[in-house]
Amino acid sequence: MSPILPTRRGSKGRHHIHLHHCSSGGSHSRCDSPDRNLDLYSSPGSRSQTPDQAKSNNELVVCFGELLIDFVPTVGGLSLADAPAFKKAPGGAPANVAVGIARLGGNAAFVGKVGDDEFGYMLVEVLKENRVETKACRFDPNARTALAFVTLRADGEREFMFYRNPSADMLFETKELDTDILKAAAILHFGSISLITEPSRSTHMEAMKVAREAGCLLSYDPNLRLPLWPSPEAAKEGIKSIWDEADIIKVSDEEVVFLTGGDPTKDENNMRMFHPKCKLMLVTEGGEGCRYYTPKFRGKVGGIKVQVVDTTGAGDAFCAGLLSNLVKDPGLIDVSTWFSDKADHFLVIF
């Protein structure tokens, strides 16, 4: 097993992470996002509690999955091939969500694996600087930290290129799980990337099992990244393999089209994805807002129009806002009149 809290190596510098303000969520190019590369070197306003303290208040959110380095072009609007240079930025959807929750004054922990290398230590340091609990992070001496090159082209589409052959996060083993922190959580949040290969898939499944048995809510944002899957068919199968286990599901309109082949603006189509155990499902529509579904009620909240700078991480910011509210009052999703008078507070918190 890799060391849990190693001594930080290398120089300490300012870091940035892809986490953006977004009123309506969504992981695609139409989501409104006023800020780019929020400076996460500075600490949040409220000091996070320890997992045990958070458990007593039932407000700890544990995020499981990938933590990686994004390389973004120094000049926007170009393809990866045409970019003159790149700068590094911490990334990984579950890690973004953890940082977002901590920056909103909440209690968050991250569970995952990075390489025993300078990038891995830098990433964990960024989490610590933002008061995200990192005791469940692992370091692999035989694999590198994952890398991703990402750009927003002039046509508004994002372009990705991943380096994972394999990366440390793909080698996260069940025996390396910190089950205590999973049992301390009120919510366990995760995506689908850790489901792609073994042993990370089995570790993901075990984390869900431990959290479920401890009474946690399970939160799922598939965060579709087709280039990482062997095929579109494998992606659909993998994403759907844990769908019916999630209490809370956040999915973008583009992901709805991919998974169902139907129209995400039609409630009858979206309800095809709603399963008996689900307590809340949200379909984000970029700048147009968000549709929400529960066993008792459904509706739509419009977005706030802003000047779009970059949408990378907007869906993660949406999840952070969502979970930071739900963890404080899980009963919110059980009250049929709640959205009518508090939706703006719940969904537009940035």
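As the structure is a computational prediction, the values presented were derived from the model and not from experiment.

Observations regarding the nonpolar core
- Among the nonpolar cores identified, the biggest contains 47 residues, and V62, L188 and W243 are the most heavily contacted of them.
- It is helix α5 (residues 200-213) that contributes the most residues to this core, 4 residues altogether.
- For L188, the contacting residues outside a window of four places in its chain are V62, F64, L182, A207, M208, A211, L217, L218 and S219.
- Core analysis: the second largest hydrophobic core is formed by 43 residues, I101, F110, F139 and F297 among them.

A word on the pairing of strand β11 (residues 280-284)
- For β11, a buried count of 5 out of 5 residues is recorded, marking the element as mostly surrounded by other parts of the structure.
- Residues L280, L282 and T284 of β11 are buried on one face, and the alternating residues M281 and V283, pointing to the opposite face, are buried as well.
- Bridge analysis of β11 against strand β12 (residues 290-293) gives 4 bridges, and the strand direction is antiparallel. Considered in β12, the bridge of L282 is made with Y292.
- Connecting the antiparallel pair β11 and β12 is a turn made up of 5 residues, with G286 showing a positive phi of about 60 degrees.

Things to note about the side chain of D247
- Assignment of secondary structure puts D247 in the loop between α6 (232-240) and β10 (248-252).
- Excluding its chain neighbours within four sequence positions, the residues that come into contact with D247 are R212, C216, L217, L218, K277, C278, K279 and L280.

Points about the environment of D169
- When you line up the elements, D169 lands in the loop between β7 (158-163) and α4 (179-184).
- Residue classification places D169 among the buried residues on the basis of a relative accessible area of 9%.
- Placed 30 residues apart in sequence, D169 and P199 show a C-alpha to C-alpha distance of 9.5 Å.
- What D169 contacts, discounting residues up to four positions off in sequence, is E66, K113, A146, R164 and S200.
- Within the local environment of D169, its side chain forms a polar contact with the side chain of S167, the two groups lying 2.4 Å apart.

Quick look at the sheet that holds strand β3 (residues 86-91)
- Spatial ordering of the open sheet is given by β3-β2-β6-β7, a layout of 4 strands whose pairing is mixed. In this open sheet, the two strands that pair with only one neighbour each are β3 and β7. Neighbour-to-neighbour, the strand axes of the sheet open up by a mean angle of 25 degrees, direction not taken into account.
- With 6 bridges connecting them, strand β2 (residues 68-73) and β3 associate as antiparallel partners. Note on β3: the bridge partner recorded for V72 is K87.
- Contacts from helix α3 (residues 118-129) reach β2, β3 and β6 (147-152) within the one sheet, and its direction differs from that of β3 by about 55 degrees.

Overview of the confidence of the model for the chain
- Summary statistics for the chain give a mean pLDDT of 83 and a share of 78% for residues scoring 70 or more.
- Low pLDDT (under 50) marks residues 1-49, which in the prediction has 192 contacts with non-local residues, meaning those over four places away or in another chain.
- Confidence over residues 336-350 falls short of pLDDT 50; this stretch has 32 contacts with residues more than four positions distant or in other chains.

Examining the packing of aromatic side chains
- Scanning the entire structure with this criterion turns up 10 aromatic pairs.
- On the basis of an interplanar angle of 20 degrees and a centroid distance of 4.7 Å, the ring pair of Y121 and F139 is categorised as stacked. In this pair, Y121 sits in helix α3 while F139 sits in strand β5 (residues 137-140), placing the two residues 18 residues apart along the sequence. For the pair formed by Y121 and F139, the shared burial category is buried.
- A ring pair is formed by F160 and F162, whose centres lie 5.7 Å apart and whose planes are at 5 degrees; its orientation type is stacked.
- Here F162 falls in the buried class, since its relative accessible area comes to 19%.
- Cluster of aromatic residues (ring-pair linked, three or more members): F71, F86, F119, F149 and Y163.
- Seen from the ring of F258, K236 lies directly overhead, with NZ or CZ sitting 5.2 Å from the centre.

Concerning the pattern of salt bridges
- Counting across every chain of the model gives 14 salt bridges.
- One salt bridge in this structure joins K135 and D178, with 3.0 Å as the shortest N-O distance. One end of the pair, K135, is in the loop between α3 and β5; the other, D178, is in the loop between β7 and α4, and 43 residues separate them in sequence.
- By relative accessible area, D178 is classed as buried at 10%.
- Between E173 and K175 there is a salt bridge, with its nearest N and O atoms 3.7 Å apart.

Points about the sheet that holds β12
- Taken together, the 9 strands give an open sheet; going across it, the order is β5-β4-β1-β8-β9-β10-β11-β12-β13, and neighbouring strands pair in mixed fashion. A strand with exactly one partner marks an edge of an open sheet, and here the two such strands are β5 and β13 (298-301). Taken pair by pair, the neighbouring strands of this sheet meet at an average axis angle of 15 degrees, ignoring direction.
- Strands β1 (60-64), β4 (107-115) and β8 (187-190) of the sheet are contacted by helix α2 (residues 93-103), whose axis makes an angle of about 150 degrees with β4.
- Contacting β1, β8 and β9 (217-220), α5 runs over the sheet at an angle of about 160 degrees to β8.

What counts as what
- Residues numbered from 1 in each chain as written.
- Predicted model: local features only at pLDDT ≥ 70, side-chain atom pairs only at ≥ 80, totals over all residues.
- Heavy atoms only, no water.
- Core = buried A, V, L, I, M, F, W, Y, C linked by side-chain atoms within 4.5 Å.
- Buried < 20%, exposed > 50% of the residue type's maximum accessible area, 1.4 Å probe, protein only.
- Helix = DSSP H or I, 4+ residues; strand = E, 2+ residues; numbered from the N terminus.
- Contact = heavy atoms within 4.5 Å.
- Pairing = 2+ DSSP bridges.
- Polar contact = N/O pair within 3.5 Å; in protein donor to acceptor, adjacent residues only side chain to side chain.
- Axes fitted to C-alpha atoms, helices over the stretch in contact; angles between N-to-C directions.
- pLDDT = per-residue confidence, 0-100.
- Phe/Tyr/Trp six-rings, centres within 6.5 Å; stacked < 30°, edge-to-face > 60°.
- Lys NZ or Arg CZ within 6 Å of the ring centre and 35° of its normal.
- Salt bridge = Lys/Arg side-chain N within 4 Å of Asp/Glu carboxyl O.

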